[in-house]
Every structure is written in structure tokens, then in C-alpha cells.
Amino acid sequence: MVVIALGACGEMGRVAAAACVASTATKRVIVADLNSKGAARLAQELGPKAVARAIDINDQAGLVSLL
């Protein structure tokens, strides 16, 4: 399964993304946040299953593209 963690740099998003990375059912976690530097740092902390993507949730075309 691939998980997209929107707002992953926030308090709850960070915990949720880490839980998804820890799951054996998860192949990849997309750490998606408006804060691109924070997303990159978090993805690096989470390990090889995680990749960072900058995304503005108000950008409908960007969200559709990410999905």
C-alpha cells in the first residue's frame, strides 16, 4: 500500500506518517506538506520508505496529480 500523509509536518501528521512507515503493509509513505524543507527532513528521518512532496492542499490540480 502507498500512503499519502497530507500535512505530515504537523504534530498529528508526523505521528501518523511514522506509524504508516512502521507498518509492514506499507510500501511507501509520501510525506506531503506545504513546508517542502520540513517534508524533506521528515522523509529522511523516516527512512527509505518515505519520500517528500511539496503540496498546497488548496491546489486542486496539484492534489489530483499527486493522487
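Refer to the structure printed above.
The following paragraphs examine the structure supplied in this document. (Residues numbered from 1 in each chain as written. Predicted model: local features only at pLDDT ≥ 70, side-chain atom pairs only at ≥ 80, totals over all residues. Heavy atoms only, no water.)

**Re the nonpolar core**
Formed by 13 residues in total, the largest nonpolar core has its most connected members in Val29, Val31, Leu46 and Ala50. Mapped onto this core, the elements with two or more residues apiece are β1 (2-6), α1 (11-22), β2 (28-33) and α2 (36-46). It is α2 that provides the largest number of residues to this core, a total of four residues. If near-sequence neighbours (up to four positions away) are discounted, valine 31 is found in contact with Ala5, Ala8, Ala39, Leu42, Ala43, Leu46, Ala50, Val51, Ala52 and Arg53. (Core = buried A, V, L, I, M, F, W, Y, C linked by side-chain atoms within 4.5 Å. Buried < 20%, exposed > 50% of the residue type's maximum accessible area, 1.4 Å probe, protein only. Helix = DSSP H or I, 4+ residues; strand = E, 2+ residues; numbered from the N terminus. Contact = heavy atoms within 4.5 Å.)

**Re the pattern of salt bridges**
With the rule as written, the count across this model stands at one salt bridge. Here arginine 14 ties to glutamate 45 by a salt bridge, and the two come within 3.5 Å at their closest N and O atoms. Of the two residues, arginine 14 sits in helix α1 while glutamate 45 sits in helix α2, which places them 31 residues apart along the sequence. (Salt bridge = Lys/Arg side-chain N within 4 Å of Asp/Glu carboxyl O.)

**Thoughts on the side chain of threonine 26**
In this structure, threonine 26 sits in the loop between α1 and β2. A relative accessible area of 3% means that threonine 26 is categorised as buried. In this structure the side chain of threonine 26 is engaged in a polar contact, spanning 3.0 Å, whose partner is the backbone oxygen of cysteine 20. Look past the residues within four positions of threonine 26 in its chain and what remains in contact with it is Met1, Val3, Cys20 and Lys49. (Polar contact = N/O pair within 3.5 Å; in protein donor to acceptor, adjacent residues only side chain to side chain.)

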